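Report on the structure
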Amino acid sequence: MKATPAAFPEHGSSIKFFYRRWKSAALAALIAVACLSTAAAEETAPLIGIRLARFDWDEYEGGSRILKEEGYRLSLGTRGGAGLASLHVLWRAEAMAGRADYDGRTIGGEPLTETTEYYGLRVETDARRRLSPDESGFRAVPLLGAGVQSWLRRLAGGEPERGGYDELWLMVYGRLGAYVEQRLSPQSALFAVAALRPPIYNTAHYSLRIREDRTFSLKPGRQWTWDCEVGWRHKNYQFALFLETYAFGRSEPRFFPPIEVYQPESEGVVVGVEYAVSW
């Protein structure tokens, strides 16, 4: 986030506010996973997996980069599927935590080198044509779905004296793509999934005191993103490589006279590995 001019009144974190929102999001995700797990048990044994990823986050102003973050994320998640008529409905849910090196500026415009913590939740669902387990060889089917991601981005531990504060992001998006599989044997297959993600809704909420306002929201610009995954499935486990992109346009500014606050153009890339087993 960026503000002009640089002169700022007192600012600080509103931790309790974020915890209340985070608790509600986590409860909603757990309820969704419980419902989906019940349905998936009828047909497909769900997988539980761990992901390790490298990620980069950059922010730009007038074509010039004004912020760079580099770090790692660790995710724990579950995925599965259930038959519905001629469709196979797939779902996934995961929780993420990570840390990045921050090289940019404070909200007041001063140079800052710090660390950023990330904590996030994701729920996605896709639908595609059912594939018979007896089919062999190569097959490809289109998929259609939707997803929700929310993450807490905490700069400098959220401590105002270090230039820190919290951002709570939410993105809702569609998924348009394809699933490709090459059967190697009845118990082994190579697979790939790729999807475009048209944006539906974005928002970012900040715990930052500007004059009398302790928290406020901005709406980063909506841009298409994409993700892909390539892996090998054998018996009750699978190994995969994945890549995911994020992109947000410059938000409309919020005015706290004489201060103008906005979220700059932002981009992110996540690349990593996943290992999952049936449970």
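Residues numbered from 1 in each chain as written. Predicted model: local features only at pLDDT ≥ 70, side-chain atom pairs only at ≥ 80, totals over all residues. Heavy atoms only, no water.

**Some details on the packing of aromatic side chains**
In this description, a pair of aromatic rings is defined by centroid distance and the angle of the planes. Defined as follows: The rule is short: rings of Phe, Tyr and Trp, with Trp giving its six-membered ring, pair when the centres are within 6.5 Å, and they are stacked under 30 degrees, edge-to-face over 60, tilted in between. Strands here are runs of E lasting at least two residues and helices are runs of H or I lasting at least four, both read from the DSSP assignment and numbered beginning at the N terminus. Here's how the labels work: a residue is buried when its accessible area is under 20% of the maximum for its type, exposed when over 50%, partly exposed in between, all with a 1.4 Å probe on protein chains only. Both a distance and an angle decide whether a charge sits over a ring: NZ of Lys or CZ of Arg must be within 6 Å of the ring centre and within 35 degrees of the ring normal.
Considering all chains together, one arrives at ten aromatic pairs under this definition. With a centroid separation of 5.0 Å and 80° between ring planes, the pair formed by Phe55 and Tyr118 is classed as edge-to-face. Residue Phe55 is located in strand β2 (residues 47–61), and its partner Tyr118 is located in strand β5 (residues 111–129); the two are separated by 63 residues in the primary sequence. Across this residue pair, the class does not change: Phe55 and Tyr118 are buried. Ring centres 6.4 Å apart and planes at 55° place the aromatic pair Trp151 and Phe248 in the tilted group. Of the two residues, Trp151 sits in strand β6 (residues 138–155) while Phe248 sits in strand β13 (residues 237–249), which places them 97 residues apart along the sequence. Aromatic rings pair up to connect Trp57, Trp151, Trp169, Tyr246 and Phe248 into one cluster. Of note, Arg128 hangs over the ring of Tyr179, and the distance from its end group to the ring centre comes to 3.8 Å. Above the face of the Tyr173 ring, Arg197 is positioned so that its terminal group lies 4.9 Å from the ring centre.

**Some remarks on the pattern of salt bridges**
Put simply, the test is: Salt bridge, as used here, is a side-chain nitrogen of Lys or Arg placed within 4 Å of a carboxyl oxygen of Asp or Glu.
Throughout the structure, instances matching the rule amount to 29 salt bridges. A salt bridge links Glu124 to Arg92, with the nearest nitrogen and oxygen atoms 3.7 Å apart. Here Arg92 lies in strand β4 (residues 87–105) and Glu124 lies in strand β5, a separation of 32 residues in the sequence. Summarising the burial analysis for this pair, Glu124 and Arg92 share the class buried. A salt bridge links Arg175 to Asp227; the shortest N-O distance between them is 2.8 Å. With Arg175 in strand β7 (residues 165–185) and Asp227 in strand β12 (residues 225–234), this pair connects stretches of sequence that are 52 residues apart. On the accessibility criterion, Arg175 (4% relative accessible area) is buried. When its relative accessible area of 11% is taken as the criterion, Asp227 is described as buried. Residues joined by salt bridges that share partners form a network here, namely Arg92, Glu94, Arg122, Glu124, Asp126, Arg175, Arg197, Asp227 and Glu244.

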